[in-house]
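This is what each chain is made of:
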Amino acid sequence: MNLDELYQTVILDHAQRPRNYGELPQATVFVQGDNPTCGDEVTVYLKISPDQKIEDIKFKGAGCAISQASTSLMTLKVKGKTCAEALALNDVFHDMLAAPEVPPLPPGFGDLKLLEGVRKFPQRVKCATLGWNAMKQAILEARG
Ligand code: ZN
């Protein structure tokens, strides 16, 4: 399986069977984001512990496969991490898609690497970062 096929497989898998999908009644904060140019929307729910860990995360949404799959992958990566770690991961993910050069990717980046190809399609960058931006916004709001 080449990289393009792997990318397609992972994106379709997450779009069809999104992980951590649904509402989180015990959420401490949630943020809704949308990307009108493509018609994507997501709501990201976070349960943040007093010591600033993401104890739980879920999302709901609708839209293109990239927006939903990228949000699904994001929830898997940040669950159990500290807020600072999640924000750092968010920065690397953004840079991977939009910086002039792809930054060194940290260990454990895993399937997120597959989204690097989105760089070639600037309009889709907004799709891929929608859920990530909502997650970041939620952490910043929780900090007050
Ligand atoms: Zn989209």
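This is a predicted model, so every value here is computed, not measured.

Some thoughts on the overall build of the protein
At step 1: A tally of regular secondary structure across the protein gives four helices and three strands.
At step 2: Listed by position from the N terminus, the elements making up the protein come as α-β-β-β-α-α-α.
At step 3: A globule of 144 residues ought to have a C-alpha radius of gyration of about 15 Å, and the protein, at 14 Å, matches this closely.
At step 4: In terms of overall dimensions, the protein has a C-alpha envelope of 45 × 30 × 25 Å along the principal axes.
At step 5: The buried share of the protein, taken over its 144 residues, is 44%.
At step 6: Considering only intrachain contacts with a sequence separation of at least 6, the fraction spanning at least 24 residues in the protein is 56%.
At step 7: Working note: accessible area of the protein is about 7500 Å², and carbon and sulfur atoms make up 52% of it.
At step 8: Averaged over its 16 positive side-chain charges, the protein has a centre that lies 3 Å from the centre of its 17 negative ones.

As for the coordination of the zinc ion
At step 1: Within the protein, the atoms that donate to the zinc ion are Cys 38 (SG), Asp 40 (OD), Cys 64 (SG) and Cys 127 (SG), at distances of 2.1 to 2.3 Å.
At step 2: Considering all four donor atoms around the zinc ion, the spread of angles at the metal, 97 to 118°, places the coordination shape in the tetrahedral class.
At step 3: Sequence spacing among the residues donating to the zinc ion works out to C-x1-D-x23-C-x62-C. One end of the pair, Cys 38, is in the loop between β1 (29-35) and β2 (40-48); the other, Cys 64, is in the loop between β3 (54-62) and α2 (65-78), with 26 residues separating them in the sequence.
At step 4: The buried category is assigned to Cys 64, whose relative accessible area is 14%.

Comments concerning the sheet that holds β1
At step 1: Overall, antiparallel pairing links the three strands, which are arranged β1-β2-β3 in an open sheet. Each edge of the sheet is formed by a strand with only one pairing partner; in this case those strands are β1 and β3. This sheet shows a mean twist of 15° between the axes of neighbouring strands, independent of strand direction.
At step 2: With seven bridges connecting them, β1 and β2 associate as antiparallel partners.

Conventions and cut-offs
- Residues numbered from 1 in each chain as written.
- Predicted model: local features only at pLDDT ≥ 70, side-chain atom pairs only at ≥ 80, totals over all residues.
- Heavy atoms only, no water.
- Helix = DSSP H or I, 4+ residues; strand = E, 2+ residues; numbered from the N terminus.
- Rg over C-alpha atoms; globule rule 2.2 N^0.38 Å.
- Buried < 20%, exposed > 50% of the residue type's maximum accessible area, 1.4 Å probe, protein only.
- Contact = heavy atoms within 4.5 Å.
- Areas by Shrake-Rupley, 256 points an atom, 1.4 Å probe, with all protein chains shown as cover.
- Lys, Arg positive; Asp, Glu negative; His and termini not counted.
- Charge placed at Lys NZ, Arg CZ, Asp CG, Glu CD.
- Donors = N, O, S within 2.8 Å, 3.2 Å for Na, K, Ca; no water.
- Tetrahedral: all angles 85-135°; square planar, octahedral: opposite > 155°, others 65-115°.
- Pairing = 2+ DSSP bridges.
- Axes fitted to C-alpha atoms, helices over the stretch in contact; angles between N-to-C directions.

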